[in-house]
Amino acid sequence: LHLSPIIGKHTFIIPLLNGANISEQIQQILPDCRVWKGCVYVGARLISPGLVEKFTLKDKLLFGSTTDDKEQQQELRSLLSSARILATIPDDIDYEIWKKFFMISTAATITSYFNVPINEVIDKHMDFFITLGYELQSVAEAKGIALPDDIVFSSIKSQQMMPSGST
C-alpha cells in the first residue's frame, strides 16, 4: 500500500511469494494495475547477519498471465534472460504455482507442527507427511486443480534433497 501512489495502469506486478492466490489478493488491493502470476525456485539460507548462502543449482523463475499480451511476457522473459535469470513462461502458470504451493505448504506446515527440521520429519513422521499431502491434494482437486498423481511423493522427494537442518 505504501507504493500505491506510484503504481498505475501501466504497472506490471509479478508476486513471487509462496501462496496459491497471492496475485488475486494483490489485484483486489490494486485493481488498476496489471498483476501477473509467478513463482520462483531458489534455495538459500541466512548464514549470519547480512550473509545469505544459496544452496540450489537449478534456480528458476516462472511467470505468466492468461489475460495479458503474450508479446509483453516474451519481452520480459528476454530482459530477464539478458540478466542471466532463467525465466520461463509455462503454458499453465496456475498449475505451476499450485505445484510449488503444494511442496512448500506441506513442508512448512509439518515442520512447524513438530518444530523440527525437514530431515527429522522425514525420519520420524513420514506417515503424517503423507497424510497431509493427500489432504492438500484433495483440496486442490476440489478447486479444480489437476495435480500429478504422484504429487505427494514427488514433493516429499524434493524435500529429501534439502540440506540437513532445513526448516
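Residues numbered from 1 in each chain as written. Predicted model: local features only at pLDDT ≥ 70, side-chain atom pairs only at ≥ 80, totals over all residues. Heavy atoms only, no water.

> What am I meant to see in the pairing of strand 6 (residues 60-64) here?
Remember that side chains alternate between the two faces of the sheet whenever the strand is regular. Within strand 6, 4 of the 5 residues are buried, leaving the element largely enclosed by the surrounding structure. Inspection of the sheet shows strand 3 (residues 37-41) paired to strand 6 by 5 bridges, in the antiparallel sense. Paired with Tyr 41 across the strands is Lys 60, a residue of strand 6. (Buried < 20%, exposed > 50% of the residue type's maximum accessible area, 1.4 Å probe, protein only. Helix = DSSP H or I, 4+ residues; strand = E, 2+ residues; numbered from the N terminus. Pairing = 2+ DSSP bridges.)

> Before we go on, may I ask you to explain the layout of surface pockets in this structure?
Any empty space left between atoms is shown by rolling a water-sized probe over those atoms. Looking at the largest pocket, its volume works out to about 1,100 Å³. As for the largest pocket, its lining consists of 34 residues, of which Tyr 41, Met 103, Ser 158, Gln 159 and Met 162 are closest to the centre. A per-element tally of the lining of the largest pocket places helix 3 (residues 93-114) first, with 9 residues. For the lining of the largest pocket, the per-class residue count stands at 16 nonpolar, 10 polar and 8 charged. Put simply, the second largest pocket is a space of about 170 Å³. Taken together, 14 residues make up the lining of the second largest pocket; nearest its centre are Gln 27, Val 35, Lys 37, Ser 65 and Thr 67. A breakdown of the residues in the lining of the second largest pocket according to their chemical character gives 3 nonpolar, 6 polar and 5 charged. (1 Å grid on protein atoms, 1.4 Å probe; cavity = no way out; pocket = protein on both sides within 12 Å on 5 of 7 lines; lining within 4 Å. Points joined across faces, edges and corners; volume = space filled by probe spheres on them. Nonpolar A, V, L, I, M, F, W, Y, C, P; charged D, E, K, R; others polar.)

> Would you mind going over empty space enclosed by the protein with me for this structure?
Per the stated rule, a full pass over the model turns up 2 cavities of 30 Å³ or more. Its volume calculated, the largest cavity comes out at about 90 Å³. A volume near 40 Å³ is recorded for the second largest cavity. Every element with two or more residues in the lining of the second largest cavity is listed here: strand 3 and helix 3. Here the lining of the second largest cavity takes 3 residues from helix 3, the largest share from any one element. Looking at side-chain class alone, the lining of the second largest cavity contains 5 nonpolar, 3 polar and 1 charged residues.

> Whenever I open this one, the packing of helix 5 (residues 126-142) against helix 6 (residues 151-160) confuses me. Can you help?
The description of two packed helices rests on the angle between their axes and on the distance between the axes. Running from N to C, helix 5 and helix 6 cross one another at 130 degrees; their axes reach a closest spacing of 9 Å. Between helix 5 and helix 6, the angle is such that the two are oblique. Helix 6 is crossed by helix 5, and the crossing has right-handed handedness. Contact residues: helix 5 offers Met 126, Phe 129, Ile 130, Gly 133, Tyr 134 and Gln 137, while helix 6 offers Ile 151, Val 152, Phe 153, Ile 156, Gln 159 and Gln 160. Its residues placed into classes, the contact of helix 5 with helix 6 shows 8 nonpolar, 4 polar and no charged. (Axes fitted to C-alpha atoms, helices over the stretch in contact; angles between N-to-C directions. Parallel < 35°, antiparallel > 145°, perpendicular 65-115°, else oblique. Left-handed = near helix turned anticlockwise from the far one by under 90°. Contact = heavy atoms within 4.5 Å.)

> For this particular structure, what's the right way to read the sheet that holds strand 7 (residues 87-88)?
Two modes of strand pairing occur in sheets, parallel and antiparallel, and in both the strands are linked by backbone hydrogen bonds. Read across the open sheet, the 3 strands follow the order 3-6-7; overall the sheet is mixed. Two strands in the sheet have a free side with no partner beyond their single neighbour: strand 3 and strand 7. Relative to strand 7, strand 6 is paired through 2 bridges, and the arrangement is parallel. What sits directly across from Leu 61, in strand 7, is Ala 87. Packed onto the sheet, helix 3 meets strand 3 and strand 6 and runs at close to 45 degrees relative to strand 3.

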